[in-house]
Amino acid sequence: MIIKLIQNYILALVLTASSFSFSQELSSKSFKSGEHLSYQASYNMSGVLTTFAEVNMKVATVKTSKNSYLHLKCTANTYKKWDGFFKIRDLYEAYVSPYSLKPYIYKRDNNENGTIRKEKYIYKGNNIQSTYVRGKSGTIKANFTIPSNTRDIVSTLYYIRNLPIDKANTGDRKDFNIVFDRKIKTATLTFMGTETISTIFGNKKCYKIGVSVKKDKLLKGKASNIVYITADKNKVPVLIKFSIPVGNGQLKLTKSQNLKY
Amino acid sequence: MKLLTSIIAILGAIITIASTIFPIGNLTIFPALITILCGIILLKLHKKEGNNILFPKVIIGLAVAGALISSCRSLLTADKIAEDQKFEQRQEKSNKEAVEDLEGLE
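About the thresholds
Residues numbered from 1 in each chain as written. Chains lettered and ligands numbered in written order. Predicted model: local features only at pLDDT ≥ 70, side-chain atom pairs only at ≥ 80, totals over all residues. Heavy atoms only, no water. Contact = heavy atoms within 4.5 Å. Buried area = accessible area lost by both parts, 1.4 Å probe. Salt bridge = Lys/Arg side-chain N within 4 Å of Asp/Glu carboxyl O. Polar contact = N/O pair within 3.5 Å; in protein donor to acceptor, adjacent residues only side chain to side chain. Disulfide = S-S within 2.5 Å. Buried < 20%, exposed > 50% of the residue type's maximum accessible area, 1.4 Å probe, protein only. Helix = DSSP H or I, 4+ residues; strand = E, 2+ residues; numbered from the N terminus. Expected span 1.5 Å × (residues − 1). Pairing = 2+ DSSP bridges.

Quick look at the interface of chain A and chain B now. With 41 residues of chain A in contact, the opposing surface of chain B contributes 26 residues. Interface area, chain A with chain B, both sides summed: about 2,900 Å², of which 61% is carbon and sulfur. On the chain A side of the contact with chain B, Lys81, Phe85 and Arg89 of chain A bury the most area, a combined 17% of that side's loss. Summed over the shared surface of chain A and chain B, the result is 6 salt bridges. Measuring nitrogen to oxygen at the nearest pair gives 3.5 Å for the salt bridge that ties lysine 107 of chain A to glutamate 97 of chain B. In this structure, the connection of chain A to chain B is made through 14 residue pairs in polar contact (both at pLDDT 80 or more).

Here it is as structure tokens:
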């Protein structure tokens, strides 16, 4: 269950990055290399929130002999107190163009209580060259086609943060494609207006966005999965509330470093 | 009534004590409260019948101890992640491999 929660936290974070009726052109970047966001994940048990993991999101610059790329990294670690019961060390990362945020490589390296799952996508136009490892079953290599504008979850999140959410109207909806677990998932985002909530930055006006995923047992539901993004130039996801069949939980921003504005 | 309350009290006490092992913090209070409530009912019943009141006292004591241990643990244990060199190494290795893949794409 915790594995699914972590996955859904990240998925919910990423899905927030949807585009509604926005144009597909990027507006000014809402983040810079060096940005670090840290979240506390908690699960609601009988009305009491129990913290269990920390999720970190970092942006760095990576240089090759010819080009430079943005390295978008997301890690999930269970707290020390949980490590003895269920230890999670998950890594999700994407290497994207620093100008268009077009993804070149997506990698996933999960270790959830000893269960290993690794995935690598190399984008080649509308094709993905994938490498997949699960447990001791060996490496599976496969190529598959994706619809245009399909992105992985990590690059989608950052891409969305750069879209002009301020131009969306309450009730606006948008379906978009995201590749996860070698499957294309269609997510629907609904702009639910703005709300002022308590954050690490004080009381902050935030964009409220509902997230649902078609044909997904965990993230279906209309407005039960909500992401709050600061209504400023940084567009920082500060709070993610989610609901799944076995309960609900949240991911709350606890630390931020090197925000662009 | 007395038998049912005793069974609930014993189960509640077991759950309360078992919960102190897990890092679920204040959640232990729920089984503890139920156990204490059952303990008080049993205490009154035992007193009314003139029986020995050791059993309800033990039940209440276990529930209170369990709740206190869990609450203290959640207050004293900070939400921190452990330093994990293996995980750091995995990240560094992954980055090196990705740079090689990017070089291959250029």
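After presenting the structure, the write-up continues.
A separate point is the state of the cysteines. Residue and element names in this part refer to chain A. In the structure shown here, the tally under the stated rule is 0 disulfides over all chains. Looking at cysteine 74, it has no disulfide partner, and the nearest cysteine sulfur is the one in cysteine 206, 19 Å off. A relative accessible area of 2% means that cysteine 74 is categorised as buried.

Looking now at the pattern of salt bridges. Residues and elements named next belong to chain A. One pass over the full model with this rule turns up 14 salt bridges over all chains. For arginine 108, the salt bridge is made with glutamate 119, and the minimal N-O distance between the two is 3.1 Å. Of the two residues, arginine 108 sits in strand β5 (residues 103–112) while glutamate 119 sits in strand β6 (residues 115–124), which places them 11 residues apart along the sequence. Assessed through its relative accessible area of 3%, glutamate 119 is described here as buried. Between arginine 108 and aspartate 181 there is a salt bridge, and its shortest N-O distance comes to 2.6 Å. With a gap of 73 residues between them, arginine 108 in strand β5 and aspartate 181 in the loop between β10 (173–180) and β11 (183–199) connect regions that are remote in the sequence. The class of arginine 108 is buried, set by a relative accessible area of 2%.

With that settled, consider helix α3 (residues 54–76) of chain B. Residue and element names in this part refer to chain B. The end-to-end C-alpha distance of α3 is 32 Å, a good match for the 33 Å that 23 residues give at a rise of 1.5 Å each. What α3 keeps buried is the set Pro56, Ile59, Ile60, Ala63, Gly66, Ala67, Ser70 and Ser71. Buried residues in α3 make contact with α1 (2–19) and α2 (29–49).

Attention now moves to the pairing of strand β7 (residues 127–134) of chain A. All names here are of chain A. Inspection of the sheet shows β6 paired to β7 by 8 bridges, in the antiparallel sense. If you follow arginine 117 over to β7, its bridge partner there is arginine 134. Here β6 hands over to β7 after 2 residues, with glycine 125 in that stretch at a positive phi of 65°. Here β7 pairs with strand β8 (residues 139–145) via 7 bridges, running antiparallel. Bridge pairing in β8 places threonine 131 opposite lysine 141. In sequence, β7 turns back onto β8 through a hairpin of 4 residues, with glycine 135 there showing a positive phi of about 55°.

Nothing here speaks to function; it is geometry throughout.
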